[in-house]
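This is what each chain is made of:
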Amino acid sequence: MDKKTAPKVGIISLGCPKALVDSERILTKLGAEGYEISESYEDANVVLVNTCGFIDSAREESLEAIREAMAENGRVIVTGCLGIDEGAIREVAPNVLSVTGPHQYEQVVEAVHDAVPPLHDPFIDLVGPEGMKLTPRHYSYLKISEGCNHHCKFCIIPDIRGPLASRPVGDVLREAERLVDSGVKELLVISQDTSAYGLDLNYANSDWRGNPVKTDMYNLANSLGDLGAWVRLHYVYPYPNVDNAIELMADGKILPYLDIPFQHASPNVLKSMARPAHAEKVLERIEKWRDICPDIAIRSTFIVGYPGETEDDFETLLDFLEDAQLDRVGCFQYENIDGAQANTLPDHVDADEKLSRWERFMEMSQDISERKLLDRIGQSMDVLIDEVTEQGSIGRTYADSPEIDGNVYLDGVTDLKAGDMVKATITKSGAYDLWGEIE
Ligand code: SF4
């Protein structure tokens, strides 16, 4: 096989993990046809830019990436969320070869065929059972659905991605099984709304290993839990059915980790966002979840400076944060998004005030994180290794999702490899990270 003759595709993948999964699907298809990934502009026959159009800064970043790819290579295919605004793309780069929207895999692959035809070679037509992945081999995102049925006013995802469209649970489980068989140690379940999974299919049964399994979050998580990998749930909307998943965490079937975006705690702001608005009930539920599963690590994201957010609303949010003692917290300053309903709301918060609230929020959440991590000292924890450097190994515990949460540093431990699972005693803690020694 003459690898040098294989056509090469460069890829720039911007945006969220969901966009990353789209990129992986496209590359898997191209890989099966003999294309290779190119690490440089010069070496690529064509460059694929998978864009994000979620907020203004992401649009700008995407447009900048397109400009750069055009300047450096000149043969550019654009896809992803910003693809729905072809006019904006053609304004900065009139000669891009093709523009498509999110998850239009077939059209993207066709555009690549047009730009640089595939080689039909039985040797390079092969691709491993795990597909081509942009994430390290030992963890993988598992996309269970597209779209969302909610209409949060700050968000345009339902307009871009459409209403909820779930994959039958048997399909998802077969993909997960292939991933685990090919060495994946951690499966990260993603979607726009994981707790609504299956609603659009009426929770229909789907075949898995010769048995019917209901397409819903509980049965998906339960079956994934049998595959022998870590299973982590992301983007879980706070519906009542979340409680069932906590039972699976308590039973050790899936990781006791819940990523549940609350966005705010003030009923006024939540109502204006068109989100569920019962912060007290949320606190009661968190308490209940901790009763059922004391080890649970809860991650959430919030928006500060939403239009109409008063100082009182913001203090309600800080009080909630103090009471809820969440383990991991992300916070965004509100930004207008082209086409979002929130843009037209009255009383936008000025930029200085937004920044100051964000700083106050982050200071409190950092204090909480620091106090909680102090309690880890002396504990024995499983650590999944992500990276080994000359200084030592870097990994994560069940409480940390890759890229967004903290790390565990095993200084001086260099004889491990990515994907190893080790037991470590925690010896030191910081604001977000831990340090440990192998047992
Ligand atoms: S639930 Fe999430 S994806 Fe759906 S509209 Fe709200 S913020 Fe957007």
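Residues numbered from 1 in each chain as written. Predicted model: local features only at pLDDT ≥ 70, side-chain atom pairs only at ≥ 80, totals over all residues.

Counting secondary structure elements, the protein contains 12 helices and 20 strands. For 439 residues, the compact-globule estimate of 2.2 N^0.38 gives 22 Å, and the protein sits close to it at 23 Å. Projected onto its principal axes, the C-alpha coordinates of the protein cover approximately 60 × 55 × 50 Å. Burial statistics for the protein: of 439 residues in total, 46% are counted as buried. (Helix = DSSP H or I, 4+ residues; strand = E, 2+ residues; numbered from the N terminus. Rg over C-alpha atoms; globule rule 2.2 N^0.38 Å. Buried ≥ 20, exposed ≤ 12 C-beta atoms within 10 Å, placed from the backbone.)

Before going further, it helps to examine the packing of helix α7 (residues 217-224) against helix α8 (residues 242-250). Where α7 meets α8, the closest approach of the two axes is 9 Å, and the angle between their N-to-C directions is 15 degrees. In terms of their interaxial angle, α7 and α8 are classed as roughly parallel. Helix-helix and strand crossings are classified by hand; for α7 and α8 the assignment is right-handed. Taken together, the residues of α8 that come into contact with α7 (itself represented by M217, Y218, A221 and N222) are N244, A245 and L248. Along the lines of polarity and charge, the residues of the contact of α7 with α8 split into five nonpolar, two polar and no charged. (Axes fitted to C-alpha atoms, helices over the stretch in contact; angles between N-to-C directions. Parallel < 35°, antiparallel > 145°, perpendicular 65-115°, else oblique. Left-handed = near helix turned anticlockwise from the far one by under 90°. Contact = placed C-beta atoms within 7 Å. Nonpolar A, V, L, I, M, F, W, Y, C, P; charged D, E, K, R; others polar.)

Turning our eyes to something else, we now look at the site of the ligand. Contacts to the ligand come from C148, H150, H151, C152, C155, I157, P158, Q192, D193 and Y237. Class assignment of the residues belonging to the shell around the ligand gives a composition of six nonpolar, three polar and one charged. (Near = placed C-beta within 6 Å.)

Each domain of the protein was delimited in the assignment, giving domain 1 (3-115), domain 2 (139-374) and domain 3 (380-438). Distance from the C-alpha centre of domain 1 to the C-alpha centre of domain 3: 34 Å. (Domains from an automatic or database assignment.)

Looking at where K29 falls in the secondary structure, it is placed in helix α1 (residues 17-32). Considering only alpha carbons, one finds K29 and M364, 335 residues apart in sequence, at a separation of 46 Å. Aside from chain neighbours lying at most four places away, what touches K29 is Y105 and V109.

With that settled, the discussion passes to the packing of helix α11 (residues 311-324) against helix α12 (residues 351-374). As a packed pair, α11 and α12 sit with axes 10 Å apart at the nearest point and diverge in direction by 10 degrees. The pairing of α11 with α12 is recorded here as roughly parallel in orientation. Between α11, through F314, L318, L321 and E322, and α12, the contact on the second element is made entirely by R357, R360, F361, M364, S365 and I368. Its residues placed into classes, the contact of α11 with α12 shows six nonpolar, one polar and three charged.

Our focus in this paragraph is the sheet that holds strand β20 (residues 434-438). Reading around the barrel, the five strands line up as β16-β17-β18-β20-β19 and close back on themselves, with mixed pairing between neighbours. If you compare each strand with its neighbour and ignore which way they point, the axes differ by 50 degrees on average. As paired strands, strand β19 (residues 421-429) and β20 are joined by five bridges and run antiparallel to one another. Within β20, the position partnered with A424 by the bridge is I438. (Pairing = 2+ DSSP bridges.)

The backbone of Q263 sits at a positive phi, close to 70 degrees, despite the residue not being glycine. Mapped onto the elements, Q263 comes out in the loop between β13 (257-259) and α9 (267-273). Q263 sits in the buried class, given 20 other C-beta atoms within 10 Å.

Right, let's get into the sheet that holds strand β2 (residues 36-38). Pairing in this open sheet of five strands is parallel, and the strands run β2-β1-β3-β4-β5 from one edge to the other. Looking at strand neighbours, the two that pair on one side only are β2 and β5 (98-99), the edges of this open sheet. As paired elements, strand β4 (residues 76-80) and β5 share two bridges and run parallel to each other. Across the sheet, residue I77 finds its bridge partner in β5, namely S98.

It is worth spelling out the pairing of strand β1 (residues 8-13) at this point. Bridge analysis of β1 against β2 gives three bridges, and the strand direction is parallel. Looking across to β2, one finds that K8 is bridged to E36. Two elements, β1 and strand β3 (residues 46-51), share five bridges in a ladder whose sense is parallel. Residue pairing in the sheet places G10 in a bridge with V47 of β3.

What follows deals with α12. With 24 residues, α12 ought to run about 34 Å at 1.5 Å a step, and its terminal C-alpha atoms sit 34 Å apart, in line with that. Listing the buried residues of α12 in full gives K354, R357, F361, S365, S369 and L373. Those residues of α12 that are buried lie in contact with β14 (297-304), α11, β15 (328-333), β19 and β20. (Expected span 1.5 Å × (residues − 1).)

Following the sequence through the fold, Y235 ends up in the loop between β12 (230-233) and α8. When the 22 C-beta atoms within 10 Å are taken as the criterion, Y235 is described as buried. Between the alpha carbons of Y235 and R285 there is a distance of 17 Å; along the sequence they are 50 residues apart. Excluding anything up to four places from it in sequence, Y235 contacts I190, S191, Q192, D193, T194, D259 and P261.

All right, on to the nonpolar core then. Membership of the largest hydrophobic core comes to 119 residues, with the highest contact counts inside it found for I66 and L187. Looking at this core element by element, the count peaks at six residues for α1. Discounting residues that sit within four places of it in the chain, L187 has contacts with S140, L142, A176, L179, L224, A229, W230 and V231. (Core = buried A, V, L, I, M, F, W, Y, C linked by C-beta atoms within 7 Å.)

Glancing now at the pairing of strand β18 (residues 408-411). Residues in a regular strand project their side chains so that they alternate between the two faces of the sheet. Relative to β18, strand β17 (residues 392-396) is paired through four bridges, and the arrangement is antiparallel. Bridge assignment links G395 to a residue of β18, and that residue is V408. Strand direction decides the pairing type here: β18 and β20, joined by two bridges, are parallel. Among the inter-strand pairings, V408 is bridged to a residue of β20, identified as L434.

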